[in-house]
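Commentary on secondary and tertiary structure
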Amino acid sequence: MHVACPLAADLDAALRTAAAAAGWADAADFQPDVRAADPRHADFQANGVLPHAKARRLNPRALAEQLVAALPPELRATCTVTVAGPGFINFTLQPEALLAWLRAHATAEQLRAACAGGAAGTWVVDYSSPNTAKQMHVGHLRSAVIGEALCRLLAFTGATVVRDNHLGDWGTQFGKLIYGYKRWADPAALAADPIEELERLYKRGHEATPEGSPELEEARRELVRLQQGDPENVALWRKFSEVSLGAFQRIYDRLGIRFDHNLGESFYNDQVERVYTELTAAGIAEVSEGALVVFHPEHPRFKTQPFLVRKADGASNYASTDLATALYRTEHFGAAGIVIVTDFRQSDHFEQLFLTVRKWFTARGYRLPELHHVTFGAVTGEDGKALKTRSGDVIRLKALLDEAEERAFALVTTKSPELPEAERHAIAAAVGVGAVQYADLAQNRSSNYVFSWDKMLSLDGNTAPYLLYAGARIHSIFRRAGVAPEDATALAAADAPATPAELALARRLIRFPDAIRQARETLRPHLLCLYLFELAGDYSSFNNADKVLVDEPAVRARRLLLCARTLLVLETGLHLLGLRPLRRM
RNA sequence: GCGGUGAUAGCUCAGCCGGAUAGAGCAACGGUUUUCUAAACCGUCGGUCCCGGGUUCGAGUCCCGGUCACCGCGCCA
C-alpha cells in the first residue's frame, strides 16, 4: 500500500477544495494559512478560518467543523484532523505517512528536489570583497561566511550561482603604497609574509606623506602614473593583487570558499564612461556643485540627499564602479538576481544604487534583475566600538582561525586520545573553523555582533560541534551495524515510527524543506541553523531514549532508517552552511 | 535635524504572514553510563518581551508617541 505524506502545500490545496465542497459562497477568497505547528499541538495548523469567519461575522468553530467534514477520506487516512481553540485546524500525521516521507527521501537528490523552486536563472553573489594589500581581519568574516551559505542555499534551490569577489583593488591608497614600496621594501620580509610587508609599507608610506607635504604630491603622482598605465607601477600593482589573492585564498580554503571571479573595482575602470553617458542622456543624473549626481524626487530623503556618481574632479568613485558592475553582471552573466553582502552601514548607498539602476535599466530597456542588499550588523568590541586587540591592532582572521583550531585540537585530544594525531588535527580543523563559521551564521544577521573569543570559540550548546557530534554518533552506529547509511536493504524491513522519540525525530525531518524555503526566501541562514540545532537535539534525545541496534528486525530497521535520514538531512544542511561533516570525532 | 538598525531570563540570543501556556544555549543546582561516542540526555531555578497609548476575538510581533544604544546623511570605499 502506498501512503503519501501530505505537507503544507497539500493541506492548503485540500482545504481550498473542502471550502468549495462545503458550499461556501465565497470559497475562492478563503486563505487556509497552513503552517508548521508547535510540535506540542500538531504537525501543521491552519489558522485561516479565523480571519475568514471574522470578516463575515460567522462562527469560526462551526466553519472549521464544516471544512473538516468536507475533507477527502484519503486525507483522513494519512492524518488526524481536529479543531482546536477558537478555530484552528490541527493536522497530525499518522506514523505511516511519516514513514512514507522517510522512504521517499533516500538521497541528496531527492531531498534537493523536495526543496527546489526557490530561485531560477543566474544569481550573482557579491561577498567577502576585501581590499587588496591588507590583511583580512574579523570584520571580514561575516560577509564571507554568510555570502557562501547564501550561494549554497541558492544553488540548492535551483539557481545557477556566480560567486564574485568584488575586490577593493583600486583607489587612492595605492599611491601611498607604491611610494612606500619604492623606498622601503624589504625583499626577505616580502617573501616570508607578503601581506604583512605590504601593510607595513602602506603605513610607512601613509606616515611619510602628511597632508600638504611634497611627499604627498609625489604619492599622488605615483597614483596618476598607475592610472595612466606606467609599466613599472602597473607591474607593482599586479604584484600586490596577486600576493593578496594568494593570501586570501589560504583563508578561503579553510572556510570552504572558492570564487568563480575576482572582478575588483579596477576591472570596471574603463566602463564608467558609459554609465555617465547613459545616466545623463536618460535625464537621471545631473551636474551639481561640479559633481555628477542622482536625486530621487519621489523619495523622502533621497530627493535631497544626492547619490554622487562622479566626483567634481572627474574621477570615479565607488558609486560609479558599482553602477558599472550592475550593468556588467546583467549583460555578461545574464543575472536574474544580484545579491550583495556587506555590512549595514552601506544601506543608504545600496538603496540609492538600486533606485538608480532600476530607472536606468528601465530607460534603456535593459533586463532588470532582482536586486538584494544583504546586510549584517557590525562586529564590535565590548565597548561597542571598532574591534581591537589589547595591543591596539585588529584581530586577524588567520589568528582567529588558528586559535579556534588549537582550542578544538586540545578538546579532541581530551575526548578521543586514541585517534591518530593527524586525524585529530583534521577533526580540530573542521570543529574549530566550523565553530567560528557557525557562531556567525546562527545569529540573525541584522543585529550587531559583539566579538568575544569565548562566544566565537564556544564548543557547547548551539554550536557547530553539537551538530557535528550528532552526525559522528550516527556514523558510529552504522559502523557497529556493519552497513552503510545508503544501504537500502538494511532499511527495507522498517515499519512506522512508534516511540515518542522516534515520532518527534520523524516530525522534525519532514520540516527540512520548510526550513530551507524560509532561509532562502529571507536570505537568512540562521533559520537553517536553528532547524539543524533542533534536529540534532531531537536526534540526541532519540539516541538516548531508544537503542538502535536491537534484535527485533522491524524495530532495528526503522531506527536505522531514522538514523540514515537524520544523517542525510544533517549533512546536507551542514554542507549548505559551508561546514564539513565528520564521520568520527 | 532627517533616516536606518536594535532593546526579550544573570549573560548570549531565537521567536517565521498577529495565533494556543514567550523558547533555546551558557551560568547555577540535582539526576542518568555493565547498553550503539557522556562533545550526550533528563530535570530544577530564572521574564514589567525598554516605556506609554492604540488597532482586535487575540499583540513580543502591527500603528502612533517617547527613551536609550550603534550607524548613515556632498566628492573615502
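Quick caveat: nothing in here was measured; it's all calculated off a predicted structure. (Residues numbered from 1 in each chain as written. Chains lettered and ligands numbered in written order. Predicted model: local features only at pLDDT ≥ 70, side-chain atom pairs only at ≥ 80, totals over all residues. Heavy atoms only, no water.)

In this description, a pair of aromatic rings is defined by centroid distance and the angle of the planes. Under the definition given, this model contains 17 aromatic pairs. Ring centres of Y181 and F240 lie 5.5 Å apart, and the angle between their planes is 65 degrees; this geometry places the pair in the edge-to-face category. Taken as a pair, Y181 in helix α8 (residues 173-184) and F240 in helix α12 (residues 231-255) lie far apart in primary sequence, 59 residues in all. Taking the relative accessible area as the measure of exposure, Y181 reaches 15% and is therefore buried. Exposure remark for F240: the relative accessible area of 1% places this residue in the buried category. Connected via pairs of aromatic rings, a cluster forms that spans Y127, F248, Y252 and F259. Positioned above the aromatic ring of Y179 is the side chain of R183, whose terminal nitrogen or guanidinium carbon lies 3.7 Å from the ring centre. Directly above the ring of Y276 sits R310, whose terminal nitrogen or CZ lies 4.9 Å from the centroid. (Phe/Tyr/Trp six-rings, centres within 6.5 Å; stacked < 30°, edge-to-face > 60°. Helix = DSSP H or I, 4+ residues; strand = E, 2+ residues; numbered from the N terminus. Buried < 20%, exposed > 50% of the residue type's maximum accessible area, 1.4 Å probe, protein only. Lys NZ or Arg CZ within 6 Å of the ring centre and 35° of its normal.)

This next bit is on the pairing of strand β3 (residues 79-84). Here β3 shows one buried face, formed by C79, V81 and V83, and one open face, formed by T80, T82 and A84. Where β3 lies against strand β4 (residues 88-93), six bridges are found, and the strand directions are antiparallel. Bridge pairing in β4 links V81 to F91. The hairpin formed by β3 and β4 contains three residues between the paired strands, and G85 there has a positive phi angle of roughly 55 degrees. (Pairing = 2+ DSSP bridges.)

With that settled, the discussion passes to the sheet that holds strand β6 (residues 160-164). Hydrogen bonding along the main chain pairs the strands of a sheet, whether they run parallel or antiparallel. The strand order across the open sheet built from four strands is β6-β5-β10-β11, with neighbouring strands paired in parallel fashion. Looking at the sheet topology across the chains shown, the edges are occupied by β6 and β11 (370-376). When the angles between neighbouring strand axes are averaged without regard to direction, this sheet yields 20 degrees. One ladder, built from seven bridges, connects strand β10 (residues 335-343) with β11; its direction is parallel. Across the sheet, the residue bridging to D343 is F376, located in β11. Its contacts with the sheet place helix α14 (residues 318-332) against β5 (122-126), β6 and β10, and it is angled at close to 145 degrees to β10. (Axes fitted to C-alpha atoms, helices over the stretch in contact; angles between N-to-C directions. Contact = heavy atoms within 4.5 Å.)

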